[in-house]
Amino acid sequence: MRQLRKPTATFSVKIKMTNSLHADKLRNDPRIEEAKKLLLAAVAEHSQTLVSVRPPNPELTVDYEKLLAEFGSIRGNNIFFPYLGSGIGNGPFVELADGSVKLDMITGIGVHGYGHSHPMLIEAGVDAAISDTVMQGNLQQNTNSCDIARLLTETACESGAELKHCFLTTSGAMANENSLKMAFQKNHPANRIIAFPKCFAGRTLGLAQITDKAKYRVGLPDTISVDYIPFFNYKNPEKSTEYAVKRLKYHIARYPGKHAAMWMELVQGEGGYYEGDTEYFKAIIDVAKENNIAVIADEVQSFCRTTRPFAFQHFGLDKLVDLVTIGKISQVCATLFTDDYNPKPGLISQTFTGSTWAMYAAHAIVSGLIENGNFGSNGRNVQLHNHFAAGLRAIGEKHPGTVAGPHGVGGMVAFTPFDGSADAAKEVVNRMFHAGLMSFMAGGDPSRVRFLMPLGCVTEAHIDMACQIIESVIAEMKSEMKA
Ligand SMILES: Cc1ncc(COP(=O)(O)O)c(C=O)c1O
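Residues numbered from 1 in each chain as written. Predicted model: local features only at pLDDT ≥ 70, side-chain atom pairs only at ≥ 80, totals over all residues. Heavy atoms only, no water.

In this section: the overall build of the protein. Looking only at helices and strands, one finds 16 helices and 19 strands in the protein. Taking 483 residues into account, the globule formula puts the C-alpha radius of gyration at 23 Å, and the protein, at 23 Å, falls close to it. Along the first, second and third principal axes, the C-alpha set of the protein runs to 75 × 65 × 45 Å. Looking at the protein as a whole, 52% of its 483 residues are labelled buried. (Helix = DSSP H or I, 4+ residues; strand = E, 2+ residues; numbered from the N terminus. Rg over C-alpha atoms; globule rule 2.2 N^0.38 Å. Buried < 20%, exposed > 50% of the residue type's maximum accessible area, 1.4 Å probe, protein only.)

So, about the site of the ligand. Lining the immediate environment of the ligand, one finds 13 residues, of which Gly 172, Ala 173, Asp 298, Gln 301 and Lys 328 sit closest. Here a nitrogen atom of the ligand and a backbone polar atom of Phe 200 are 3.4 Å apart. Bound to the protein, the ligand loses 81% of the 390 Å² it would expose on its own. Broken down by element, the shell around the ligand gets its largest block of residues, 3 residues, from helix α8 (residues 172-186). Of the residues that constitute the shell around the ligand, the class distribution is 4 nonpolar, 5 polar and 4 charged. (Near = heavy atom within 4 Å. Polar contact = N/O pair within 3.5 Å; in protein donor to acceptor, adjacent residues only side chain to side chain. Areas by Shrake-Rupley, 256 points an atom, 1.4 Å probe, with all protein chains shown as cover. Nonpolar A, V, L, I, M, F, W, Y, C, P; charged D, E, K, R; others polar.)

Turning our eyes to something else, we now look at the side chain of Gln 209. Tracing the sequence through the fold places Gln 209 in helix α9 (residues 207-210). Residue classification places Gln 209 among the buried residues on the basis of a relative accessible area of 8%. Other than its neighbours up to four places away in sequence, Gln 209 contacts Arg 217, Pro 221, Asp 222, Thr 223, Ile 224, Val 226 and Tyr 228. (Contact = heavy atoms within 4.5 Å.)

If you trace the backbone, Asn 138 turns up in the loop between β4 (135-136) and α7 (143-156). Beyond its immediate sequence surroundings of up to four residues, Asn 138 is in contact with Phe 167, Ser 349, Gln 350, Thr 351 and Thr 353. A distance of 3.3 Å separates the side chain of Asn 138 from the side chain of Gln 141, its partner in a polar contact. A polar contact is formed between the side chain of Asn 138 and the side chain of Ser 349, at a distance of 3.4 Å.

Ordered by their spatial adjacency, 4 strands build an open sheet running β1-β2-β3-β17, and the pairing between neighbours is mixed. Unpaired on one side and paired on the other, β1 (85-90) and β17 (437-438) mark the two borders of the sheet. Sheet topology places β1 next to strand β2 (residues 93-96); 3 bridges connect them, and they run antiparallel. Counted as the bridge partner of Gly 89 is Val 94 from β2. (Pairing = 2+ DSSP bridges.)

The next point concerns the packing of helix α15 (residues 422-435) against helix α16 (residues 460-482). At a closest axis distance of 10 Å, the pairing of α15 and α16 adopts a crossing angle of 125°. When the axes of α15 and α16 are compared, the pair comes out oblique. Relative to α16, the crossing made by α15 is right-handed. Seen from α15, the contacting residues are Ala 424, Glu 427, Val 428, Arg 431, Met 432 and Ala 435; seen from α16, they are Ile 469, Ile 470, Val 473, Ile 474, Glu 476, Met 477 and Glu 480. Looking at the contact of α15 with α16 residue by residue, the classes come out as 9 nonpolar, no polar and 4 charged. (Axes fitted to C-alpha atoms, helices over the stretch in contact; angles between N-to-C directions. Parallel < 35°, antiparallel > 145°, perpendicular 65-115°, else oblique. Left-handed = near helix turned anticlockwise from the far one by under 90°.)

The next thing to look at is the pairing of strand β3 (residues 101-104). Of the two faces of β3, both are covered, the one formed by Val 101 and Leu 103 as well as the one formed by Lys 102 and Asp 104. Hairpin connection between β2 and β3: a loop of 4 residues separates the two successive antiparallel strands, and Gly 99 in this loop has a positive phi of roughly 90°. In terms of strand pairing, β3 meets β17 through 2 bridges, oriented parallel. The residue of β17 that forms the bridge with Asp 104 is Met 438.

Attention now goes to the domain arrangement of the protein. Looking at the assigned domains, one finds that the protein contains domain 1 (49-117 + 377-483) and domain 2 (135-371). Placing a centre on the C-alpha atoms of domain 1 and another on those of domain 2 gives a separation of 28 Å. Facing 29 residues of domain 1, the contacting portion of domain 2 comprises 22 residues. For the pair domain 1 and domain 2, the summed buried area comes to about 2,000 Å², and 56% of that belongs to carbon and sulfur atoms. Of all residues in domain 1, Tyr 114, Val 409 and Met 412 bury the most surface against domain 2, accounting for 30% of the area lost on that side. The interface formed by domain 1 and domain 2 contains 1 salt bridge. (Domains from an automatic or database assignment. Buried area = accessible area lost by both parts, 1.4 Å probe. Salt bridge = Lys/Arg side-chain N within 4 Å of Asp/Glu carboxyl O.)

Before going further, it helps to spend a moment on the pairing of strand β5 (residues 165-169). Regular strands place their side chains on alternate faces of the sheet. Counted residue by residue, β5 has 4 buried out of 5 residues, so it is predominantly covered. Alignment of β5 against strand β13 (residues 333-337), held across 5 bridges, turns out to be antiparallel. Among the inter-strand pairings, Thr 169 is bridged to a residue of β13, identified as Cys 333.

Here we take up the sheet that holds strand β16 (residues 412-417). Read across the open sheet, the 4 strands follow the order β15-β16-β19-β18; overall the sheet is antiparallel. Every other strand in the sheet has two partners, leaving β15 (403-407) and β18 (440-442) as the edge strands with one partner each. Ignoring which end each strand starts from, the neighbouring axes of this sheet average 35° apart. Strand direction decides the pairing type here: β16 and strand β19 (residues 448-452), joined by 4 bridges, are antiparallel. Counterpart to Phe 415 in the pairing with β19 is Val 449. Sheet contacts for helix α14 (residues 380-398): β15, β16 and β19; angle to β15, the most-contacted strand, approximately 165°. Together, β16, β18 and β19 form the strand contacts of α15, whose direction differs from that of β19 by roughly 45°.

This next bit is on a positive patch on the surface. Together, Arg 203, Lys 213, Lys 215 and Lys 426 make up a positively charged patch on the protein surface. Its place among the elements puts Lys 213 in the loop between α9 and β7 (225-228). (Patch = residues over 30% accessible without salt bridge, like charges linked within 9 Å, V, L, I, M, F, W, Y side chains within 5 Å. Lys, Arg positive; Asp, Glu negative; His and termini not counted. Charge placed at Lys NZ, Arg CZ, Asp CG, Glu CD.)

Let's shift gears to unusual backbone geometry. Cis rather than trans, the peptide bond between Gly 405 and Pro 406 has omega equal to -5°. Residue position: Pro 406 is located in strand β15. That bond from Asp 445 to Pro 446 is cis: its omega, 0°, falls within 30 degrees of zero. Mapped onto the secondary structure, Pro 446 falls in the loop between β18 and β19. One non-glycine residue, Ser 117, adopts positive backbone phi at about 55°. Turning to its location among the elements, Ser 117 is positioned in the loop between α5 (107-110) and α6 (119-129). With a phi close to 70°, Cys 304 is a non-glycine residue in the positive phi region. Its location among the elements puts Cys 304 in the loop between β11 (294-299) and α12 (311-314). With a relative accessible area of 0%, Cys 304 lands in the buried category.

Right under this line is the structure:
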């Protein structure tokens, strides 16, 4: 079992050297070590039996359905999947409260990077449980807020970026909202944003304007004005880059001095797993920089999923980004920013910056992925992607017209099912769920089926299991279409 990496340093060397803190004495108390061992042994004993998918237990079905209906009614809307976790899992396997076991290849849309019931995160939870508070916030933070902020900024600056500052928060939307506020304040009175079609930035009033989906702003007032420039087209790299630059210049000429930021989701997640290339991004950023437009990279979904911890590093944009946002797999969300974008006091503050468990877990997950070889041009993220992509390609070849692609980068994998209609993607996702495999839809026109694997624990054998389920669902749908 991998030991939780302890933060290498705290901000106050003096505190560490005197070792006189009651908190250190508590953490080093042998009873805590013993309790951790007992807890981890108990969890392992119960979770290790979950090694394959399993249908629901008929004895639990009636109550489960009732619970789902009640929850749907309390929420005002049914949840997408009939999914209520029981609270235990084993890596990518998760038990639901109906007794079924699913192979989780979507992980709460990219959140559970070490899957379910991982010992490293249980240990982080115990460290958090013996800490004094559940939540940390701007008025009162513990040293582990400093530890995660330091890890993120040091990792971000590893190859030349100037992202020396980091503001923690509790959601991707809030990290994005904070980045927007910093960009607007610095570039005042500019009040417009440039973005890519199909981008998803989050669901606040401000971000709903940037998110390129009309359905997500029905009934909302207009807040920010957004101009869109075409995204990279891998089928025509040069032309699409040229055209995007032309449109960018057109918008800037139309509203001189009015654009505060260029909003860049470098690998589009909700939009359907589209990525640009370095030349495309650089060409756009050159124009943005000439016009004092902030470059914001939204990495809430792609963080830790490419060949480097940050997607801007994967694309070699280190010296060009002004603000970067992360979330999901990091548990704690954050806005990283350069000196130039450091906001004036009063602009950004939060009661909650994250729970203590999230802080410990964030450190364990990010450093765990770095230390376990997930990054690099032939790191685990790439190897897992290639294995999954090969499996999907094989299904597509065996059943022509059913699986196109695959698409995505590293720990983001997708395919286009059948005719790429929204109905086809939804049907595949739902049938796979009932067959034991969790995925989700992405994009529209074409609609895709996507996976956000638990990169810290998934193996090629798990991917093979996933591909078997995908193939059985695809073959079943194909034969029904023929009949
Ligand atoms: C690229 C991107 N930005 C922002 C968000 C919003 O994050 P959250 O749902 O944590 O507010 C998401 C969520 O899917 C996302 O994919």
